[in-house]
Amino acid sequence: MSAPQSAKVREREHAIQLDVTDPLKGFRKEFLIPTKAQLESLAVSNSDDGSEPCIYFCGNSLGLQPRRTAQRIASHLSAWATKGVLGHFTEHEDSNLPPFLHVDDAAAKLMAPLVGAETNEVAVMETLTANLHLLMSSFYTPTEEKYKIIIEGKAFPSDHYAVESQIRHRGFDPEQAMVLIEPDRLELATISTSHILSVIDKHASTTALVLLPGIQYYTGQYLDIKTITAHAHRHGILIGWDLAHAVGNVDLRLREWDVDFAAWCNYKYVNSGPGAIGGLFVNSRHGQVDVSAMRDGGEGFRDRLCGWWGGSKSTRFEMGNHFVPIPGAAGWQVGNPSALALTAVIASLEIFALTDMATIRAKSIAMTACLEDLLLHPLSANRSCKEALPYQIITPSDPEERGAQLSVRVEPGLLGGVMRLLEDAGVVVDERRPDVIRVAPAPLYNTFQEVWDFANIFTWACSETQAGTVHGSQEAAALKGQDQKGWAKFKQTGY
Ligand SMILES: Cc1ncc(COP(=O)(O)O)c(C=O)c1O
């Protein structure tokens, strides 16, 4: 399945044409795109008024709601209302929903293709941080000789805290046991693969585990999972990946790359709602259960923090106290998952099942390249952007080294003003202080036309802020509304 190739979109009509030939163009209607009026209103009950949709480039933070999510959840609510506890076991003839008891299996089956895994290597469960803890409880088994965990120095804070506390929990000192990889490409805040490999080499004899992000949340850098995993394995070190920003974004091959374990959240590119249930991957090699070894008094499975939901379904309700895990990732489950919350993940994954990650990634590469080109070569008469750009893209320009997101570092003092102008023009992106704006066109619901419009609004907003049109934040409230007129006027007149 081919996607639009052209990164050089100099005319808006060209962008519109790319949308016409986009193989994923039908997917946008699967989603609820907030209108500008809805975003401005303080009421959440504000139904679609038919006004212009916003430009939503924030799927890296919270993906948009699929239309079918409400229907699927409503069906489960009906099953609960009409069957009560029997809903756990009853097949629901009038919907394609599984009984509550098997919703986790249905979710894992749909999730596996997104990460390039076998179904039994995936579990849809808990939250990302909780999953990192559960996985490290199994995969971080420090000894006096090998006790270190290598992570990046600029890791997402939750990962940092999780690693630090796991080290302490095992009786070691994070000062000695935590190795932080700092960026070597300082001006971009990114880390080269060779630098990561050299840090692994340096600490190989004392390291028990490596934990890295598939895509770095701040810079948008996509690490070379395959090469780094193979390198850690050559040293006999286990390696896990935080895929929060990679899942549903890039074409992952966790099984092929022989990753040991991974965890992710499903509220970003997987569009399953705020605080949605997350997911984890355990390589089938680590998920085996040897029942005969257990019969002979041995463990028979990789040690873990156990709970009844990770136990064999055939004996789960016998209420015995001899834990026999489900083989594979499902054996890491601990408690009874929320069928309603899992259903939101399933609803979204049904949409992914209508296409494949290769097609999604192809469109994503084309869109992000188009965005990069328009930002680096602004078209409009925006004053300052014509001469020297008041911003820098810190995300690598090689498509192999990034996903959908571009992280744009603006000149000191511009962030607040630019963000306010974007908001007033109906653009949703997010900021990471002190100076980065993250921009992520999501291939399932964004268009090339939006990319074109965004680039123009963004360069205009930088220009206006630089020229001092936008005042300090204390004046922002008073000015709100004026700038929207400002962008509308600029659009018409070019001034
Ligand atoms: C890279 C990364 N790791 C961890 C987390 C924490 O996820 P959760 O709150 O779902 O545990 C996030 C949340 O955005 C994240 O982006």
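Residues numbered from 1 in each chain as written. Predicted model: local features only at pLDDT ≥ 70, side-chain atom pairs only at ≥ 80, totals over all residues. Heavy atoms only, no water.

Named according to an unreviewed UniProt entry, the protein chain is Kynureninase originating from Alectoria fallacina. UniProt's Cofactor (unreviewed entry) comment on the protein chain is quoted here verbatim: "pyridoxal 5'-phosphate". What UniProt states about the protein chain under its Function (unreviewed entry) heading is, verbatim, "Catalyzes the cleavage of L-kynurenine (L-Kyn) and L-3-hydroxykynurenine (L-3OHKyn) into anthranilic acid (AA) and 3-hydroxyanthranilic acid (3-OHAA), respectively." (UniProt positions renumbered as here; feature names shortened; annotations may be inferred.)

Scanning the model with the defined rule gives 24 salt bridges in all. Close ionic contact of D453 with R12 constitutes a salt bridge, the shortest N to O distance being 2.8 Å. Pair noted here: D453 is in helix 15 (residues 448-466) and R12 is in helix 1 (residues 12-20), with a separation of 441 residues, a long-range link. Take R12: its relative accessible area is 28%, and that puts it in the partly exposed class. Salt-bridge contacts for E450 lead to R28; the nearest nitrogen and oxygen are separated by 3.3 Å. On the criterion of sequence distance, the pair formed by E450 in helix 15 and R28 in the loop between helix 1 and strand 1 (31-32) is long-range, its members being 422 residues apart. For E450, a relative accessible area of 7% gives the class buried. For R28, a relative accessible area of 22% gives the class partly exposed. Each of E30, R68, R72 and E350 takes part in one network of salt bridges that share partners. (Salt bridge = Lys/Arg side-chain N within 4 Å of Asp/Glu carboxyl O. Helix = DSSP H or I, 4+ residues; strand = E, 2+ residues; numbered from the N terminus. Buried < 20%, exposed > 50% of the residue type's maximum accessible area, 1.4 Å probe, protein only.)

Attention shifts here to the site of the ligand. The full set of residues close to the ligand is L128, T129, F156, D159, D242, A244, H245, Y267 and K268. Y267 places a side-chain nitrogen or oxygen 2.7 Å from an oxygen atom of the ligand. A distance of 3.0 Å separates an oxygen atom of the ligand from a polar side-chain atom of K268. The protein chains hide 83% of the 390 Å² of surface that the ligand would expose on its own. (Near = heavy atom within 4 Å. Polar contact = N/O pair within 3.5 Å; in protein donor to acceptor, adjacent residues only side chain to side chain. Areas by Shrake-Rupley, 256 points an atom, 1.4 Å probe, with all protein chains shown as cover.)

Of note, P378 is situated in the loop between helix 12 (357-376) and helix 13 (383-387). The spatial distance from the C-alpha of P378 to the C-alpha of V210 is 41 Å, given a sequence separation of 168 residues.

Counting residues in hydrophobic clusters, the biggest one holds 66 residues, and the most contacted among them are I228, W241, L243, L252, L254 and W264. Shared between two domains, this core takes at least three residues from each, and those domains are domain 1 (12-56 + 356-493) and domain 2 (100-348). Core analysis: the second largest hydrophobic core is formed by 37 residues, C370, V408, M419 and I437 among them. (Core = buried A, V, L, I, M, F, W, Y, C linked by side-chain atoms within 4.5 Å. Domains from an automatic or database assignment.)

To continue, consider empty space enclosed by the protein. What the rule picks out here adds up to three cavities of 30 Å³ or more. Taken as a whole, the largest cavity holds about 80 Å³ of empty space. Forming the walls of the largest cavity are 13 residues, and the residues nearest its centre are E152, A189, I191, Q216 and Q221. Among the residues making up the lining of the largest cavity, the classes are represented as seven nonpolar, four polar and two charged. Looking at the second largest cavity, its volume works out to about 60 Å³. If you go around the second largest cavity, the residues you meet are G248, Y269, N271, F352, I360, A442, P443, L444 and Y445. (1 Å grid on protein atoms, 1.4 Å probe; cavity = no way out; pocket = protein on both sides within 12 Å on 5 of 7 lines; lining within 4 Å. Points joined across faces, edges and corners; volume = space filled by probe spheres on them. Nonpolar A, V, L, I, M, F, W, Y, C, P; charged D, E, K, R; others polar.)

The subject of this paragraph is the packing of aromatic side chains. Applying the stated rule across the entire model yields 14 aromatic pairs. Summarising the aromatic geometry, the rings of F301 and F323 are spaced 5.8 Å apart at their centres and angled 75° between planes, so their arrangement reads as edge-to-face. Linking F301 in the loop between helix 10 (291-295) and helix 11 (339-352) with F323 in the loop between helix 10 and helix 11, this pair joins segments that are 22 residues apart in sequence. Judged by relative accessible area, which is 13%, F301 ranks as buried. Positioned above the aromatic ring of W332, the side-chain terminus of R304 is 3.6 Å from the ring centre. If you follow R316 out to its NZ or CZ, it ends over the ring of W309, 3.9 Å from the centre. (Phe/Tyr/Trp six-rings, centres within 6.5 Å; stacked < 30°, edge-to-face > 60°. Lys NZ or Arg CZ within 6 Å of the ring centre and 35° of its normal.)

Another aspect to go through is the packing of helix 8 (residues 193-203) against helix 9 (residues 225-234). For any two helices packed against each other, one specifies the crossing angle of their axes together with the interaxial distance. It is the contact of helix 8 with helix 9, at a shortest axis distance of 10 Å, that shows an interaxial angle of 15°. Between helix 8 and helix 9, the interaxial angle falls into the category roughly parallel. The two elements helix 8 and helix 9 cross, and the hand of that crossing is right-handed. Contacts between helix 8 and helix 9 pair T193, I196, L197, I200 and D201 from the former with T227, I228, H231 and A232 from the latter. For the contact of helix 8 with helix 9, the class distribution of residues is five nonpolar, three polar and one charged. (Axes fitted to C-alpha atoms, helices over the stretch in contact; angles between N-to-C directions. Parallel < 35°, antiparallel > 145°, perpendicular 65-115°, else oblique. Left-handed = near helix turned anticlockwise from the far one by under 90°. Contact = heavy atoms within 4.5 Å.)

With that settled, consider the state of the cysteines. In total, this model carries zero disulfides according to the counting rule given. C58 takes part in no disulfide bond, and the closest cysteine sulfur, belonging to C54, lies 9.8 Å away. (Disulfide = S-S within 2.5 Å.)

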